[in-house]
Structures are given as C-alpha cells and as structure tokens.
Amino acid sequence: MCGLSLVMATINLSSGQPPENLLPYDLVQNAANNLLSGKVSMGHSSPPLAYGDHYDYFSKRIASFLKIESGRESVDSELIVPIAGVSNGLDLICTMLCRNLTRRGVAFVEDSTYFLSISLLEDHGLLVLPLPTDSDGILIEEFRRILQKLKEDDSLVPLLLYCIPTFHNPTGRTMPRTRRIQLLDLTQEYSLNVVADEVYQFLGFTEYLPFNLILDPKPNTSLTIQSSYPSFASISPSYDHVMSISSFSKILGPGLRVGWIEFTSHRQKNLFDSLGVIKSGSSICHFSSYVAVTSIMCPDDLIPGSFSVDNESQSWRDSCPFRTHLNALRTSLALKYSTLISSLQRYQLEYLSPCDSTHEFIIEGHPRLSSRENPEFSVVGGYFIWIYLPEWIGDSESEEDGEKKRKVMTSIEFLDVSRSPPYDLSFMLGATCRTLNSSPHVSRRYPYRETIRLCFAKLEIRELEEGAKRLCQLLKDLQPTGPAEKG
Ligand SMILES: Cc1ncc(COP(=O)(O)O)c(C=O)c1O
C-alpha cells in the first residue's frame, strides 16, 4: 500500500461522543451558580439540594422546551418525569414493565440498533428480537407476521418495541410520519408498549448543510425538513402505549446524566411513580436535572417571579444563549457530515473501481452512489453515517467466497480492535449493532450486506478527511485483485 499520510494518530470514527469543544461549560456553570445562589424562582418545587419530591420546575421547563423547539401546540408537563439519561430511562421502563411477568418477555428492536440497548434489554431477562427494516424504518408487514407467529408460542410474551425514530443510531435514518403511524397502529393492535429513543431529535441539520454538498435535488416528500422533530409520544392523543425518552447528553453534555420520559397516559406515569427506586429517592437526578433545565433558559426568565411558559416562548428564539449553542452545534455537525460524505465520495472514486458496482460501497441516504430501491435523499442529522461495504465482502455463496469474506472481516475486525498501523483507523462494525438472537419467528429473507458505522461528531475536519482516505485505502488493499474474480 502507498500514499497514506502517517502524520495523524489513530482516527477514531467509532466513538459516538459529542465534540469536546462544543460542550457548553459556561452555560452549565452559570445555571449551577444561579440555582445555588437562590436566584432562580421555582415556585413550589423542591429546592435543588433537597429530595426531588416535587419537580414541577423541571417538567414545566421541559414541556415548554418541547413545545417551542419542535413546534407542538401543547405539551402536558404532568406526563414528563426526570431520568438520568436515556439509558437510565430505558432501564427504569424495563423494570416497570417486567415487574409482574409470568412468561419471558420479548423486546423487539430494529435491525440494526443502538448496540448498548441490546445488553440493557437483556439485563432484564428479555429476549431481544430484531425486526427487518428498509430506509424508512421497520417493515410493517414483516413485523405483523412475526407478532402473529409469536401468538403460537405460549412461553413468550411480546412486551415492548424499542426504536429510534429520528436520526437513528447507527443508520442515521428518520422514520417518515406515515410509517410512524402504521407502526403505532400495529403495536396498539397487539398491545405492545413502544419505547422511542429520541436522543438525537434536536440534531437535524439538513438546513445547515454547506452548499457544496451534492445531494439529490428532490427531497423525499414524506419527510419534512426540520432541525427538531416532535416526539413519538406526541403523534396523536389516541395512542396511550408510547413512551418517548430523550436526554441532554447530545445537546448539553452526557456528564450531566439528565433526560426525561414523556408518557402518553397517567396509567404509565403512575406505574413509573410506584417503582421502589422512585418512591425511595424521588427524582432520580434532582440537582442535575435542575441545572440542565436552567442552562437552556433565557436569562430574563431567571428573575424571580417572572417565569411563565408564555414569557419563555417569547424570548426563547432570539436571546437565549442555549439557542446560539444549539445552532453552533448543528452548523458544526453539518460541516463535519458533509466533509466526511464528500471525502468518502472522492476517495471512493480515487481508490476503488468506480465502474464496477461490486467494488463500490453505498452510503445510506446517498443515492448518487447507491443502486438501492428507494434512492430518494432523506433528511439528515444526528451523529452517524452508515455504510454498506462492497458486495465482495458481504456475498459468500461459495465456500471459496466464504473463506475470502472471513479473511476480510477478520482483517477489518483486527484493525478495528487493534487500530494497527499503517491504517490507524477505528470504526464500528455493523455486526456490533445487531442482536445475535435468531428465532423461528424472525426470517432472514431480507438482503444483507456487511456494514460499518462512522461517527463524524467528535472529530476535526482534517481528521474526517484523513479517516475517509484511510478507509478507502483499506478497502482497496483488501479487495480481490480484479473484477473477474467476482465472476
Ligand atoms: C440511540 C442512543 N440512545 C441512547 C444513548 C445514550 O444516551 P444517554 O447518555 O442519554 O444515556 C446514545 C448514546 O450514544 C444513543 O446513541
């Protein structure tokens, strides 16, 4: 191999962390100071260092934030509870739903999904089953068939669907409204709880993309371009089986460990309140939850006695420092995303045979390089780019091909784990984001190509360019000697 620049250390495209230079320490510090010095008016809510028995201050501000940020008409603050991040929220919901199970519960997830959610669900003894997806999300008829089949198995009980509807991890996809409604209708019909992980819902940046990014000129008409997407829980009051969980991890800082659950019924909220851990300790993250919501407020609203949802909505857009921060975050993500995409496109052309589709990799949502069925451009946001590796890696019909594939995947895995020179590149293998459970209930009929997940959020522009170059060089060095080999 040749031509690799060795000046940069390992390029870590695998870690899904926020960019360090955009963690707003000043906002959080001011908020903590204001809270601790008693400058903030919080009505009848528990003071910041007491037990959080009454956390109205938190719920009302989250309701107001959701209302303004995602353009909703109204948000019921009584259905919002604080949690210590999405992970904690999912764990608490599982505890809540698994309490009186007499049979083994089944949790459905998208194939592929957030890799750490799988072990979290399994911690509760749940059987985690993958659902086939396309570029719009879960395939409804496949899901229906699986649910129908499960009815014949009296050792299992379908308990919940865990999904990531907006700027999905790892694929980056956003589920269009029609698919959301179909999914909610189906799950309601089968009395299945839906837990929507909305951790990236405020990180849409289609509008912030630089001009030079070559995109399909026809936006997918079933998706609206927005920077913040309304939660799954807000789709319609006729669904009371949905719980949306979100957090400040990607928009303020994960170290705060603050998020919220938005329930769709008081029945669910009461079940949550009756958990032992909530009865004993009250709000799970009382102080930090107050710090988080105070950080996103406009300074004017901190004046004692001035807080009201309406006041906040008036001053929010123009003068709120958090808004400036959020816009800077989206602008930065848009630039990083477009850098990685255009660098991948450039080095793909340079290093891999552009005329031979078996040598090409496909970027999810990017039709110019794609031969997939649904080639429309979709909205972009979140942290990740999902890549389908060249066909010669995934296809292994013959024994010889199978052997080749194993060698290639072992090399990739080896590089991934050891970050060995000369590539010094780390990314996440798609297989990490899949549950290994196979089940007679789940078919494997849908096509599968080897995949990798690249996170562009944390790295600098130069590192992203270099990472794309190293990845294409790696694929070039691993590919079979000529198209003829593939037949
Ligand atoms: C889809 C998804 N859910 C949840 C989390 C973790 O969220 P939190 O820090 O709020 O627990 C992540 C973090 O990478 C994620 O990508």
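Residues numbered from 1 in each chain as written. Predicted model: local features only at pLDDT ≥ 70, side-chain atom pairs only at ≥ 80, totals over all residues. Heavy atoms only, no water.

Things to note about the pairing of strand S3 (residues 104–110)
- Counting buried positions along S3 gives 6 out of 7 residues, so the element sits mostly inside the fold.
- Across 6 bridges, S3 lies against strand S7 (residues 156–163) in parallel orientation. Bridge assignment links Arg-104 to a residue of S7, and that residue is Leu-156.
- The sheet contact formed by S3 and strand S4 (residues 127–131) spans 5 bridges and is parallel. Across the sheet, Val-109 pairs through a bridge with Pro-130, a residue of S4.
- Handedness of the crossover joining S3 and S4 through helix H4 (residues 115–122): right-handed. (Buried < 20%, exposed > 50% of the residue type's maximum accessible area, 1.4 Å probe, protein only. Helix = DSSP H or I, 4+ residues; strand = E, 2+ residues; numbered from the N terminus. Pairing = 2+ DSSP bridges. Right-handed = clockwise from strand over helix to strand, strands pointing away.)

Structural notes on the packing of helix H5 (residues 140–150) against helix H6 (residues 177–189)
- Packing of H5 against H6 leaves a shortest axis separation of 10 Å and a crossing angle of 10 degrees. With respect to each other, H5 and H6 are oriented roughly parallel. Contacts between H5 and H6 involve Ile-140, Phe-143, Arg-144 and Leu-147 from the former and Arg-179, Gln-182, Leu-183, Leu-186, Thr-187 and Glu-189 from the latter. (Axes fitted to C-alpha atoms, helices over the stretch in contact; angles between N-to-C directions. Parallel < 35°, antiparallel > 145°, perpendicular 65-115°, else oblique. Contact = heavy atoms within 4.5 Å.)

What to know about the packing of helix H1 (residues 25–36) against helix H9 (residues 286–295)
- H9 packs onto H1 with a crossing angle of 115 degrees between their chain directions and a minimal axis gap of 8 Å. Taken as a pair, H1 and H9 cross one another with a handedness that is right-handed. Across the interface between the two elements, Leu-27, Val-28, Ala-31, Ala-32, Leu-35 and Leu-36 of H1 pack against Phe-287, Tyr-290, Val-291, Thr-294 and Ser-295 of H9.
- Class assignment for the residues of the contact of H1 with H9 results in 9 nonpolar, 2 polar and no charged. (Left-handed = near helix turned anticlockwise from the far one by under 90°. Nonpolar A, V, L, I, M, F, W, Y, C, P; charged D, E, K, R; others polar.)

Focus: the sheet that holds strand S15 (residues 451–455)
- Strands sit in the order S11-S12-S15-S14 across an open sheet of 4 strands; the sheet is antiparallel. In this open sheet, the two edge strands, each paired with only one partner strand, are strand S11 (362–363) and strand S14 (428–429).
- Where S14 meets S15, 2 bridges bridge the pair, whose relative direction is antiparallel. In the strand pairing of S15, Leu-429 is matched with Ile-452.

Regarding the confidence of the model for the protein chain
- Per-chain confidence: the protein chain averages 84 in pLDDT, with 78% of residues scoring 70 or above.
- Considering only residues more than four positions removed or in separate chains, one finds that residues 216–221, a stretch of pLDDT under 50, has 9 contacts. (pLDDT = per-residue confidence, 0-100.)

A short note on the packing of aromatic side chains
- Considering all chains together, one arrives at 16 aromatic pairs under this definition.
- Between Phe-65 and Phe-202, the aromatic rings sit 4.9 Å apart at their centres with planes inclined by 45 degrees, giving tilted as the arrangement. Within this pair, whereas Phe-65 is found in helix H2 (residues 56–69), its partner Phe-202 is found in the loop between strand S8 (193–197) and strand S9 (242–247), the two being separated by 137 residues in sequence. In this pair, the class of Phe-65 matches that of Phe-202, namely buried.
- Their ring planes at 55 degrees and their centres at 5.6 Å tell us that Phe-263 and Phe-272 sit as a pair that is tilted. (Phe/Tyr/Trp six-rings, centres within 6.5 Å; stacked < 30°, edge-to-face > 60°.)

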